[in-house]
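Listed below are the residues making up each chain.
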Amino acid sequence: TQLLEQSPQFLSIQEGENLTVYCNSSSVFSSLQWYRQEPGEGPVLLVTVVTGGEVKKLKRLTFQFGDARKDSSLHITAAQPGDTGLYLCAGAFNAGNNRKLIWGLGTSLAVNP
Amino acid sequence: NAGVTQTPKFRILKIGQSMTLQCTQDMNHNYMYWYRQDPGMGLKLIYYSVGAGITDKGEVPNGYNVSRSTTEDFPLRLELAAPSQTSVYFCASSYSTSGRTPGELFFGEGSRLTVL
């Protein structure tokens, strides 16, 4: 059974601080996605990483896929209140003829002004 | 630019009642999904569809049914509602090929269901 563990579960920081969120598994994924969900809305895709060791940047957010494609991290530099939300990682793997996603439980981030 | 539209946004049901959550997408996506989200429990897949006429069970299908008669629509039917089905339900769609990624999932705004 594939599992994705996210840590920390909750994070409350002050504006301007840096933070890192982790997504770990014992399974190898063909790709991994990061989503952000704001209260009362559905998740929105931030990035997809495919290649082991890949690093992608989205403004102040840096995403890294582990060399073995089993883990990923999200680093936010100089966090702002607008970064507040639930960050979800989702790993993709092939199951027969279908491609399936498994989801981590999420990291709830609060950035205080 | 509608994307994924879910209705209703809120609903209260009595135990034993039935209802259908509607979901439609206008992006011509082949994959559609229904998830439920409970506090601290993440997203759990109920049912999914890889194309019109094809549906399959996810992790938590008991108590639910789906159909996919068109590419655009993917309704979720709750039969004999139970308090355990109190949750926020999300419909999503994606365009998926044979590549390594499942494609970007586009989510609706969610339907908050309470069963009393």
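In what follows, the structure referred to is the one given above.
What you are looking at is a predicted structure, and each value in this text was computed from that prediction instead of being measured. Throughout, residues of each chain are indexed from 1 in the direction in which the sequence is written. To read the labels, note that chains go from A and ligands from 1, taken in the order they are written. A pLDDT threshold of at least 70 governs which residues receive local features in this predicted model, and a stricter bar of 80 or more applies before side-chain atom pairs are shown or counted, although totals over entire chains, interfaces and linings include all residues. With hydrogens and water excluded, all non-hydrogen atoms of the structure serve as input to the side-chain values.

Of the regular secondary structure elements, chain A holds zero helices and 11 strands. Helix and strand definitions here come from DSSP, where helices need a minimum of 4 consecutive H or I residues and strands a minimum of 2 consecutive E residues; each element is numbered from the N-terminal end. The secondary structure elements of chain A, listed N-terminal to C-terminal, are β-β-β-β-β-β-β-β-β-β-β. With respect to the three principal axes, the spread of C-alpha positions in chain A is 50 × 30 × 20 Å. Within chain A, the proportion of its 113 residues that are buried is 47%. Sequence separation of 24 or more characterises 53% of the internal contacts of chain A that already satisfy a separation of 6 or more. Put simply, chain A shows about 5,400 Å² of open surface, and 48% of that area lies on carbon and sulfur atoms. We treat Lys and Arg as the positive residues and Asp and Glu as the negative residues; His and chain ends play no part in the count. For charged residues, the charge sits on one atom: NZ in Lys, CZ in Arg, CG in Asp, CD in Glu. Averaging the positions of the 9 positive and the 9 negative side-chain charges in chain A gives two centres separated by 10 Å. Partly exposed describes any residue whose relative accessible area lies between the buried limit of under 20% and the exposed limit of over 50%, with all areas from a 1.4 Å probe on protein chains only and scaled to the type maximum. By the convention used here, residues are in contact when the closest approach between their heavy atoms is within 4.5 Å. Every accessible area reported is derived by Shrake-Rupley at a probe size of 1.4 Å, with residue values counting cover from the shown protein chains alone.

This part is about the nonpolar core. Think of a nonpolar core as a cluster: buried Ala, Val, Leu, Ile, Met, Phe, Trp, Tyr and Cys residues, connected wherever their side-chain atoms sit within 4.5 Å. In this structure, Leu19, Leu32, Trp34, Phe63, Leu74, Ile76 and Leu109 of chain A are the most contacted members of the largest nonpolar core, which totals 23 residues. Elements with a contribution of two residues or more to this core: strand E3 (19–24), strand E4 (31–37), strand E5 (44–49), strand E7 (61–65), strand E8 (71–76), strand E9 (85–95) and strand E11 (107–112) of chain A.

Only Phe, Tyr and Trp rings take part, Trp by its six-membered ring, and two of them pair if their centres are within 6.5 Å. Stacked means planes under 30 degrees apart, edge-to-face means over 60, and tilted covers everything else. Inspection of every chain in the model, using the stated rule, returns 10 aromatic pairs over all chains. An angle of 75° between the planes, with centres 6.0 Å apart, marks the rings of Trp103 of chain A and Phe107 of chain B as edge-to-face. Here the residue Trp103 of chain A occupies a position in strand E10 (residues 98–103), and Phe107 of chain B occupies one in strand E10 (residues 106–107), the pair thus bridging two chains. The residues Trp103 of chain A and Phe107 of chain B share a single accessibility class, namely buried. Residues Tyr35 of chain B and Phe107 of chain B carry aromatic rings whose centres are separated by 6.0 Å and whose planes lie at 40° to one another, so their mutual orientation is tilted.

Many analyses report the size of an interface as the accessible area lost when the parts associate. Contacts between the two partners involve 23 residues from chain A, matched on the other side by 24 residues from chain B. Computed with a 1.4 Å rolling probe, the buried area is the accessible surface lost when two parts are put together, summed over both parts. Across the interface of chain A and chain B, roughly 1,800 Å² is buried in total on both sides, 52% from carbon and sulfur atoms. Identification of polar contacts relies on pairs of N or O atoms within 3.5 Å, with a donor-acceptor requirement for protein atoms, meaning one able to donate a hydrogen and the other able to accept it, and with residues adjacent in sequence counted only if both atoms are side-chain atoms. For the pair chain A and chain B, the interface holds four residue pairs in polar contact (both at pLDDT 80 or more). Elements with a minimum of two residues in the side of chain A that touches chain B: E4, E5, E9 and E10 of chain A.

Bringing the sheet that holds strand E6 (residues 55–58) of chain A into the picture now. Residues and elements named next belong to chain A. Ordered in space as E1-E3-E8-E7-E6, the five strands form an open sheet in which the pairing is antiparallel. A single partner strand is all that each edge strand has here, and the edge strands are strand E1 (5–7) and E6. Sheet twist, expressed as the mean angle between neighbouring strand axes with direction ignored, is 15°. Only strands joined by at least two bridges in the DSSP assignment are considered to pair. The pairing of E7 with E8 spans five bridges and is classified as antiparallel. By the bridge assignment, Gln64 is partnered in E8 with Ser73. Only the stretch in contact is used when fitting a helix axis, every axis being a line fitted to C-alpha atoms; angles between N-to-C directions are given from 0 to 180 degrees.

All names here are of chain B. Across the sheet, four strands lie side by side as E1-E3-E8-E7; this open sheet has antiparallel pairing. Only two strands of the sheet have a single neighbouring strand rather than two, namely strand E1 (4–7) and strand E7 (64–66). Averaged over all pairs of adjacent strands, the angle between their axes in this sheet comes to 20°, without regard to strand direction. Pairing between E1 and strand E3 (residues 19–25): four bridges, direction antiparallel. Considered in E3, the bridge of Val4 is made with Gln25.

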